[in-house]
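Below, each chain spelled out in residue letters.
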Amino acid sequence: MQAELEAQYEEFVRARWSRLVRTAYLLTGDAHHAEDLTQTALAKAYRSWRRVARSDNPEAYVRRMLVTCNSDRFRKRRVAEALTSAPPERARRDDAVGRVEERGVLMAALAGLPPRQRAVVVMRYWEDLSEGEVAEVLGCSVGTVKSQASKALAKLRANPGLGLVTDAPEPSRTSAGQGDSR
């Protein structure tokens, strides 16, 4: 029986490793921290794989472990990281450099969010989970997900580096058939 569980676990890791690392990267903002975080979550999942495998959605279970392990990382020690928006020397600008710079600005903006808001934004808008699924992963109510998403999006819209349009109509208003009241 143990060999069968280990085979299931190995198959799970092979199938979902890159997606879990990507989610961890969005949570941490650093590729090395993301791999460490994913390994930590998967080690915890391995220790309790029998319970994880019996859950309705093992990937959601492990994703929740990622969020929890990331929160634990902040609780244990607060290490200030100095992120820079640009390297000290610049090569000529081309499309690839522009994309890297845009990603850097986005990652810095995400890093500026509190961990809970950042987790909501990553799960809701990057992982494309529903509000209910995000609430389940984070262990909170749908209302909390909505309020945290609203606060996070307001902070992201106010970030000058992102250059987001702040006077655009809210998606919920336009989808309900209401126009801009101006």
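Fair warning: this is a prediction, and the values are worked out from it, not measured in the lab. (Residues numbered from 1 in each chain as written. Predicted model: local features only at pLDDT ≥ 70, side-chain atom pairs only at ≥ 80, totals over all residues. Heavy atoms only, no water.)

Student: Go over the packing of helix α1 (residues 2–28) against helix α2 (residues 31–47) with me, naming the residues and quoting the values.
Tutor: Following both chains from N to C, one finds α1 and α2 inclined at 150 degrees, their axes separated by 8 Å at the closest point. With respect to each other, α1 and α2 are oriented roughly antiparallel. Where α1 crosses over α2, the handedness of that crossing is right-handed. Residues Gln2, Glu6, Tyr9, Phe12, Val13, Trp17, Leu20, Val21, Ala24, Tyr25 and Thr28 of α1 pack against Ala31, His33, Ala34, Glu35, Leu37, Thr38, Gln39, Leu42, Ala43, Ala45 and Tyr46 of α2. Per-class residue counts for the contact of α1 with α2 are 15 nonpolar, five polar and two charged. (Axes fitted to C-alpha atoms, helices over the stretch in contact; angles between N-to-C directions. Helix = DSSP H or I, 4+ residues; strand = E, 2+ residues; numbered from the N terminus. Parallel < 35°, antiparallel > 145°, perpendicular 65-115°, else oblique. Left-handed = near helix turned anticlockwise from the far one by under 90°. Contact = heavy atoms within 4.5 Å. Nonpolar A, V, L, I, M, F, W, Y, C, P; charged D, E, K, R; others polar.)

Student: Give a description of a negative patch on the surface that names residues and reports values.
Tutor: Taken together, the side chains of Asp56, Asp128, Glu133 and Glu136 define an acidic patch exposed on the protein surface. Within the secondary structure, Glu136 is located in helix α7 (residues 131–138). (Patch = residues over 30% accessible without salt bridge, like charges linked within 9 Å, V, L, I, M, F, W, Y side chains within 5 Å. Areas by Shrake-Rupley, 256 points an atom, 1.4 Å probe, with all protein chains shown as cover. Salt bridge = Lys/Arg side-chain N within 4 Å of Asp/Glu carboxyl O. Lys, Arg positive; Asp, Glu negative; His and termini not counted. Charge placed at Lys NZ, Arg CZ, Asp CG, Glu CD.)

Student: I'd like a description of the pattern of salt bridges, backed by residues and values.
Tutor: For the structure shown, the criterion picks out five salt bridges. For Glu59, the salt bridge is made with Arg19, and the minimal N-O distance between the two is 3.3 Å. Separated by 40 residues along the polypeptide, Glu59 in helix α4 (residues 58–76) and Arg19 in helix α1 bring together distant segments of the chain. A relative accessible area of 13% places Glu59 in the buried class. Taking the relative accessible area as the measure of exposure, Arg19 reaches 32% and is therefore partly exposed. One salt bridge in this structure joins Arg22 and Glu127, with 4.0 Å as the shortest N-O distance. Placement of Arg22 in helix α1 and of Glu127 in the loop between α6 (115–126) and α7 is noted, with a sequence separation of 105 residues between them. The exposure class assigned to Arg22 is partly exposed, which follows from its relative accessible area of 37%. The class of Glu127 is buried, set by a relative accessible area of 5%. Three or more residues are tied together by salt bridges with common partners; here these are Arg16, Arg19, Arg22, Glu59, Arg63 and Glu127. (Buried < 20%, exposed > 50% of the residue type's maximum accessible area, 1.4 Å probe, protein only.)

Student: Any details on α1? Residues and values, ideally.
Tutor: Between its terminal C-alpha atoms α1 stretches only 33 Å, short of the 39 Å expected from 27 residues at 1.5 Å a residue. At Arg16, α1 shows its maximal kink, close to 60 degrees. Where α1 is concerned, the buried positions are Leu5, Tyr9, Phe12, Val13, Leu20, Val21, Thr23, Ala24, Leu26, Leu27 and Thr28. With its phi angle positive at about 80 degrees, Gly29 sits one or two positions after the end of α1. (Expected span 1.5 Å × (residues − 1). Bend = angle between axes of the 7 residues up to and from the residue.)

Student: Can you lay out the packing of aromatic side chains for me, pointing to particular residues and giving the numbers?
Tutor: With the rule as written, the count across this model stands at three aromatic pairs. Note on Tyr9 and Trp49: the rings are 5.3 Å apart at their centroids and 80 degrees apart in plane angle, and the pair reads as edge-to-face. Residue Tyr9 is found in helix α1, and its partner Trp49 is found in helix α3 (residues 49–54); the two are separated by 40 residues along the sequence. The pair formed by Tyr9 and Trp49 is uniform in burial state, with each residue classed as buried. Between Phe12 and Trp49, the ring centres sit 5.2 Å apart and the planes meet at 50 degrees, which makes this aromatic pair tilted. Of the two residues, Phe12 is situated in helix α1 and Trp49 in helix α3; the sequence distance between them amounts to 37 residues. The side chain of Arg124 reaches across the aromatic face of Tyr125, ending 5.7 Å from its centre. (Phe/Tyr/Trp six-rings, centres within 6.5 Å; stacked < 30°, edge-to-face > 60°. Lys NZ or Arg CZ within 6 Å of the ring centre and 35° of its normal.)

Student: Give a description of α7 that names residues and reports values.
Tutor: For α7, the set of buried residues is Val134, Ala135, Val137 and Leu138. Seen end-on, α7 carries its buried residues on one side only, within an arc spanning 165 degrees. Of the residues trailing α7, Gly139 is marked for its positive phi of about 70 degrees. (Arc of directions from axis to C-beta.)

Read these as layout, nothing more, since geometry by itself doesn't imply function.
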